[in-house]
Amino acid sequence: MWREEQRRDSPSGALTQLQQVAALCGARYSKPLWCNRDLGDERLQSASALSSQGSQTERGKDVTKAERERRSASLGGTTRSEVFQQQQQDRMRYQGREVDIEGRVRLVMESTLTARDRVGVQDFVLLENYNSEAAFIENLRRRFGENLIYTYIGSVLVSVNPYKELEIYSKQQMERYRGVSFYEISPHIYALSDNTYRAMRTERKDQCILISGESGAGKTEASKKILLYYAVTCPTNDQMPALGERLLQSNPVLEAFGNAKTFRNDNSSRFGKYMDVQFDFRGAPVGGHILNYLLEKSRVIHQNHGERNFHIFYQLLDGGEDDLLTALGLERNPQSYQYLVKGNCPRLSSVSDKNNWKVVMKALSVIGFTEEEVQKLLNIIASVLHLGNTQFGEGEEGETYITTETKITNLTKLLGVDGSALGEALTHKKLTAKGEEMITPLSFEQAVSARDALAKAVYGRTFTWLVEKINQSLALKEEIYHSGKGCSVIGLLDIYGFEWETVQYFDNKIICDLIEEKPQRHHLHSGTYNNFIGLSVYDVVSVTVGEDEECLRPGETCDVSFLEKMEDTLGGHPHFVTHKLANGKTRRVMSREEFRLLHYAGEVNYNVNGFLDKNNDLLNRNLKEVMCQSDNQILSHCFRKEEAIDQKRPEMFKNSLTKLMEILMSKEPSYVRCIKPNDAKQPGRFDEVLVRHQVKYLGLMENLRVRRAGFAYRRRFEAFLQRYKPLCPETWPNWHGRLSDGVSTLVNHLGYKAEEYKLGRSKIFIRFPKTLFNTEDALEAKKPDIGDFDPADVLERLQGEAKYQRIRRAVIVIQSGWRGMKARRRAKRRRQAAELIRRLIKGFIYRHEEFCPENEYFHDHVRYSFLKNLRKNLPKSVLDKSWPTPPPSLIEASDHLRRLHMRNMVAKYCHRVQPEWKKQMMQKVVAKREQINLKVVQTLGSDKVQYGVTVVKYDRRGFKPRPRQLLLTNTFAVLVDRTKIKQRIDYAALRGISVSSLSDGMFVLHMPNEDNKQKGDVVLHCHHVIEVVTKLSMMASKVNYVNISPGSIRFVVARGKEGFIDFIRGSELKVAKGKRGHLLVTAPQINTA
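No experiment lies behind these values; they were computed from the predicted model shown.

Visitor: I'd like a rundown of the overall build of the protein, residues and numbers included.
Guide: Summing up its helical and strand segments, the protein has 36 helices and 33 strands in all. Counting across all 1089 residues of the protein, residues that qualify as buried make up 48%. A separation threshold of at least 6 residues defines the contact pool for the protein, and within that pool the share at least 24 residues apart is 65%. In the structure as shown, the protein presents an accessible area of about 55,200 Å², 51% of it carried by carbon and sulfur atoms.

The structure is reproduced here in structure tokens:
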């Protein structure tokens, strides 16, 4: 209802001449406090006040001018007099602002205190009579009269609906509040939004903003402004433009389907909405989620006089194209539909349904609805209107039948269901008794109730689907944030408005109080709030569950029986009262059909008449079965097939409330209290009786008392000292010590008593507003004296300035001479560099020619560069084979240097090798070459393997090759087959080792015949035969027992039997069994050249 920028004072504030004088005099005026005669952006500017102020100012200026002209005669002219005159003019122009040490202009709360009698205080904590409700409301009235609709109660924001547009919501205003301390400038919804956002970023904890108030108090508009602030001021990313647009466009869609005109509000939210805005680690919005609860579905079928159904029905009829209405079977006149005529309010002068229809259609497209989904959605909206026009008749035998068959035809088309089945379900119900199903006809009243229940269910579930669809559009797109670890959340709870009439059925007032009960207690001092504890969540749930059970109870039920059941269930609860349970005094003001609940801020009476009828919206089973078969994808999603089987009533109220409470308890709350100034929605009208009632049930006085239990005023040391330092000679014009010492000196000079203030680590806390008011008044009285200068002092300062100018000119001469010398040196270096570059380029051109003066420098440079690069990139180890590529003229020298360097590294390495290093190296070779099984190592025990190699063992009979591992220890050798030791060969029993003269890799280990443990000699083949034989002979001390046989080798196969290995030359190695039973080995001859 309000938009654009807040009007605030914009004086010129030109201080050019004064700043020049201050600079000449050597004074440091980082903050000209004398010009702080401001009322901030909350100053009352009446014409009489301005004229009176102007006349007094002119008289004061004339006197000052004459006096200063007389005093400045000794200065020899009128120049300084003109300067002082300009100073006075600047003093009058520069009002309403305060300049901080960085030159930024901001308004502060203290600047408004001098006008508190006219525009009130911007924080109720500063009220002197904080226990007076009249003083509280009077402060609201003063601020409302000056279009100051926002006021603080500590950290709580109180907002009064102005019922007119205010220029306080522009982008410039958003930047004005961005990153500014909460109390630094005037109260605003942007200040609360920014404070919540910065708390989320700095504390890394989720936040929520709870917006509450009566219907028409401006809650929905407040939530819109908060979303707009985040969309404009938060950091951006690739998703931000589209996401911000979808967030903003979700509002008109939800308002069209969930808002309606009520008696006191043309755009009243008839559902509760909780929205989460999710931010990434940079603070940029990345997603959102909406939780809706308690849609007022009864409005679909009934409206009180002067009220309307949900906006979307009227928007469709007024703004839809003719072809669309024809396809939906609708006509433009709302009076033609039973669900739209009961309120007798088809048109609104303040609302254009036609224009809003265009806005809603555009918003659906932006959010991501397809044309098919929009059409299905409109089919459902039209079907609700046709349901309302479906009429019934009653036959002679009491049976009910449908008299408007054309409506059934339209419903069949729009809902995508079977027409005969729908007609049957509207006039009959299906019952199950003892496992058997029966279909019984409905009475006329029951048929009407079934029709209305279907209309409410279809609209309510479609609204839930709509919210889910919007959530899909706002959902996080990046997987990193789905875990919840990568994003923070700010929640917005828009508690839909309640209207203070006779409460005929459940009202949102319960929810309003319950949601805020727990967070409010979090901020209260113990013992202060004992008399205001309201009904608990579980008490309300018990009331609603009892209502649901009463609706489902078989037999005749009525509102009185429901009241009796509540008396039995909650009779002992201190917050529940009925006529039967009340005392004599209370009975005189309560009827027998009423019960009373004690809430957070007071008592509310409820009349049970119509409770069960309003609550009883159960669908018949056969109606659910019909809707489950719908061809409309939206309805098939809303009505699940398993729901037709389950007869249990879903506890939607309890589940929604519990889920909402869990969400709110996990976040840090901030509060916005919205107040409606009058019922007529007229700007400038302040109804004190209505406002007092809202102040009471919103608990604002209790909130103020709790806040005033501590200190009324708190500021950081630097801010307090910067503002009030002119009041103390020791702190004026500048304080150079610790801030806390400066503040202590200032308050001692002002005569503060010990009980009036406390000094914290970084802030001063003042208990009583009167102390602050006296300080501000003293500053106001001091301001005229702050800007006065003595002309003699000015002359002294000017003489000092002349001396300073002479010294400055001498310094400039010295500086210019030094800069000239540096420039000449720099020019000489540049000439030398240019000559060097020319020689290099010329040498490069003649590089392939014979050595000559033209390329001499170039070749020298190339050789020098190579040697310099080689020095930095020499190989560091013997294994490093890298070497810089030399130029053609240094190839031979490079090779020589490479060999010398390699020899040098080898020599150094050999000198460093110790005996124990050799053993370690040998073990590394063994471990690297052969992978020995762990089980074999465990079998060998303490005998460590000194050497291992892979061999092939040939059987003594048949010479079949078998892969083995030959492992050498200190005392014996073993042949291993994977994990099993196949044969042990003791070094002491080894008789000899035979090899051939060819490169065949064969060798034989000769064992004694008389040893029963040995089965004969061992025939082996190895690719490293020389290494193996050398290692084995040395470890067994059998160096002299190595035999080289050139033609054949004889070996013992078994006791008394011999075998032969014949060797022949060939092109490649081959081992096979010969014709005579010998082992034939073909191998190339060893190359000895």
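From this point, the narrative continues.
Visitor: Break down the sheet that holds strand β28 (residues 1018-1021) for me, with residues and values.
Guide: Taken in spatial order, the 8 strands line up as β25-β24-β23-β22-β28-β27-β26-β29 in an open sheet, and their pairing is mixed. The outermost strands of the open sheet, each flanked by one partner alone, are β25 (980-986) and β29 (1042-1045). Shown here is a sheet whose adjacent strand axes are inclined to one another by a mean of 30°, direction ignored. Bridge analysis of strand β23 (residues 961-968) against strand β24 (residues 972-977) gives 4 bridges, and the strand direction is antiparallel. Among the inter-strand pairings, leucine 967 is bridged to a residue of β24, identified as valine 974.

Visitor: Requested: an account of the nonpolar core, with residues and values cited.
Guide: The biggest cluster of nonpolar side chains holds 109 residues, and the ones touching the most others in it are Phe257, Phe313 and Tyr459. In terms of residue count, helix α17 (residues 444-474) provides more of this core than any other element does, 14 residues in total. For phenylalanine 257, the residues in contact, after removing those within four places along its chain, are Phe310, Ile312, Leu377, Ile381, Tyr459, Phe463 and Leu466. One finds Val691, Phe720, Leu727 and Ile766 within the second-largest nonpolar core, a separate group that totals 50 residues.

Visitor: Break down a positive patch on the surface for me, citing the residues and quoting the values.
Guide: A contiguous patch of positive charge, built from Arg819, Lys822, Arg825, Arg826, Arg829 and Arg830, is present on the exposed surface. Tracing the backbone through its elements, the reader meets arginine 830 in helix α31 (residues 791-845). On the basis of relative accessible area, arginine 830 is assigned to the exposed category, the value being 58%.

Visitor: A description of the sheet that holds strand β32 (residues 1070-1073) should follow, citing residues and the corresponding values.
Guide: A sheet is described by the order of its strands in space; here 4 strands give the open sequence β30-β31-β33-β32, paired in mixed fashion. Pairing within the sheet leaves two strands with one partner each, and these edge strands are β30 (1048-1054) and β32. For this sheet, the mean inter-axis angle between neighbouring strands, taken without regard to orientation, is 20°. Sheet analysis places strand β31 (residues 1057-1065) next to strand β33 (residues 1079-1083), joined by 5 bridges and oriented parallel. Residue isoleucine 1064 lies in a different strand from β33, and its bridge partner there is threonine 1082.

Visitor: Run through a nonpolar patch on the surface, naming residues and quoting values.
Guide: Together, Ile837, Ile841, Phe844, Ile845 and Tyr846 give the surface a local cluster of nonpolar side chains, amounting to about 510 Å² of exposed area. Relative to the helices and strands, isoleucine 841 resides in helix α31.

Visitor: I'd like a rundown of helix α14 (residues 371-388), residues and numbers included.
Guide: Given a rise of 1.5 Å per residue, 18 residues ought to cover 26 Å, and the 26 Å separating the end C-alpha atoms of α14 matches this to within 8%. By the criterion of burial, α14 is predominantly enclosed, with 14 of the 18 residues buried.

Visitor: Tell me about the UniProt feature "binding site: ATP" (unreviewed entry) in the protein, and name the residues and values.
Guide: UniProt feature "binding site: ATP" (unreviewed entry): in the numbering of this structure it lies at Gly213, Glu214, Ser215, Gly216, Ala217, Gly218, Lys219 and Thr220. Take serine 215: it is sitting in the loop between β5 (207-213) and α8 (219-233).

Visitor: Explain the packing of aromatic side chains residue by residue, including any values.
Guide: Within the structure shown, the criterion is met by 17 aromatic pairs. Geometrically, the ring pair formed by tyrosine 197 and tyrosine 230 is tilted, given 6.1 Å between the ring centres and 40° between the ring planes. Here the residue tyrosine 197 occupies a position in helix α7 (residues 189-203), and tyrosine 230 occupies one in helix α8, the gap between them amounting to 33 residues. Given the relative accessible area of 10%, tyrosine 197 is considered buried.

Visitor: Describe in detail the pattern of salt bridges, supporting the description with residues and values.
Guide: All chains considered together, the criterion is met by 30 salt bridges. Two residues, arginine 178 and glutamate 175, come together in a salt bridge whose shortest N-O distance is 3.4 Å. Glutamate 688 is the salt-bridge partner of arginine 692, the closest N and O atoms lying 2.7 Å from each other. With a gap of 4 residues between them, arginine 692 and glutamate 688 both fall in helix α26 (residues 688-697), about one helical turn apart.

Visitor: Account for the pairing of β32, with residues named and values stated.
Guide: As a general feature of sheets, a regular strand has side chains that alternate between the two faces. Note that β32 and β33 share 4 bridges and pair antiparallel. Bridge pairing in β33 links valine 1071 to valine 1081. In this structure, the hairpin formed by β32 and β33 is closed by a connection of 5 residues, where glycine 1077 is found at a positive phi of approximately 85°.

Visitor: Residues and numbers for the side chain of asparagine 632, please.
Guide: Looking at the secondary structure, you find asparagine 632 in the loop between α23 (621-628) and α24 (633-638). Excluding anything up to four places from it in sequence, asparagine 632 contacts Lys376, Asn379, Ile380, Leu414 and Leu415.

Visitor: Report on the environment of phenylalanine 136, specifying residues and quantitative values.
Guide: As for its position among the elements, phenylalanine 136 is in helix α5 (residues 133-145). Excluding its chain neighbours within four sequence positions, the residues that come into contact with phenylalanine 136 are Phe124, Leu127, Ile153, Val695, Leu700, Met701 and Leu704.

Visitor: Explain the packing of α5 against α26 to me, and be specific about the residues and the numbers.
Guide: The geometry of α5 relative to α26 is characterised by a closest axis approach of 11 Å and an angle of 115° between their N-to-C directions. Here α5 runs over α26; the crossing is right-handed. Side by side, α5 and α26 meet where Glu133, Phe136, Ile137, Leu140 and Arg141 of the first sit next to Glu688, Val691, Arg692 and Val695 of the second. For the contact of α5 with α26, the class distribution of residues is 5 nonpolar, no polar and 4 charged.

Visitor: So what's going on with a negative patch on the surface? Residues and values would help.
Guide: A grouping of Glu394, Glu396, Glu397, Glu399 and Glu445 is seen on the molecular surface, where their side chains present a negatively charged patch. Structurally, the position occupied by glutamate 445 is in helix α17. The class for glutamate 445 is exposed, based on a relative accessible area of 55%.

Visitor: So what about α7? Which residues, and what values?
Guide: The end-to-end C-alpha separation of α7 is 21 Å, in line with the 21 Å expected for 15 residues at 1.5 Å each. For α7, every residue scored as buried is listed here: Ile189, Tyr190, Ala191, Leu192, Ser193, Asp194, Thr196, Tyr197, Ala199 and Met200. Arginine 204, located one to two residues past α7, shows a positive phi value of around 55°.

Visitor: Tell me about the side chain of arginine 299, residues and numbers included.
Guide: Take arginine 299: it is sitting in the loop between β9 (285-293) and α10 (311-319). Judged by relative accessible area, arginine 299 falls into the buried class, the value being 4%. Engagement of the side chain of arginine 299 in a polar contact is seen with the side chain of glutamate 296, the distance being 3.1 Å. Engagement of the side chain of arginine 299 in a polar contact is seen with the side chain of glutamate 307, the distance being 3.0 Å. Those residues in contact with arginine 299 that sit more than four places away from it in its chain are Ala260, Lys261, Thr262, Arg270, Glu307, Arg308, Asn309 and Phe310.

Rules behind the numbers
- Residues numbered from 1 in each chain as written.
- Predicted model: local features only at pLDDT ≥ 70, side-chain atom pairs only at ≥ 80, totals over all residues.
- Heavy atoms only, no water.
- Helix = DSSP H or I, 4+ residues; strand = E, 2+ residues; numbered from the N terminus.
- Buried < 20%, exposed > 50% of the residue type's maximum accessible area, 1.4 Å probe, protein only.
- Contact = heavy atoms within 4.5 Å.
- Areas by Shrake-Rupley, 256 points an atom, 1.4 Å probe, with all protein chains shown as cover.
- Pairing = 2+ DSSP bridges.
- Axes fitted to C-alpha atoms, helices over the stretch in contact; angles between N-to-C directions.
- Core = buried A, V, L, I, M, F, W, Y, C linked by side-chain atoms within 4.5 Å.
- Patch = residues over 30% accessible without salt bridge, like charges linked within 9 Å, V, L, I, M, F, W, Y side chains within 5 Å.
- Salt bridge = Lys/Arg side-chain N within 4 Å of Asp/Glu carboxyl O.
- Lys, Arg positive; Asp, Glu negative; His and termini not counted.
- Charge placed at Lys NZ, Arg CZ, Asp CG, Glu CD.
- Expected span 1.5 Å × (residues − 1).
- UniProt positions renumbered as here; feature names shortened; annotations may be inferred.
- Phe/Tyr/Trp six-rings, centres within 6.5 Å; stacked < 30°, edge-to-face > 60°.
- Left-handed = near helix turned anticlockwise from the far one by under 90°.
- Nonpolar A, V, L, I, M, F, W, Y, C, P; charged D, E, K, R; others polar.
- Polar contact = N/O pair within 3.5 Å; in protein donor to acceptor, adjacent residues only side chain to side chain.

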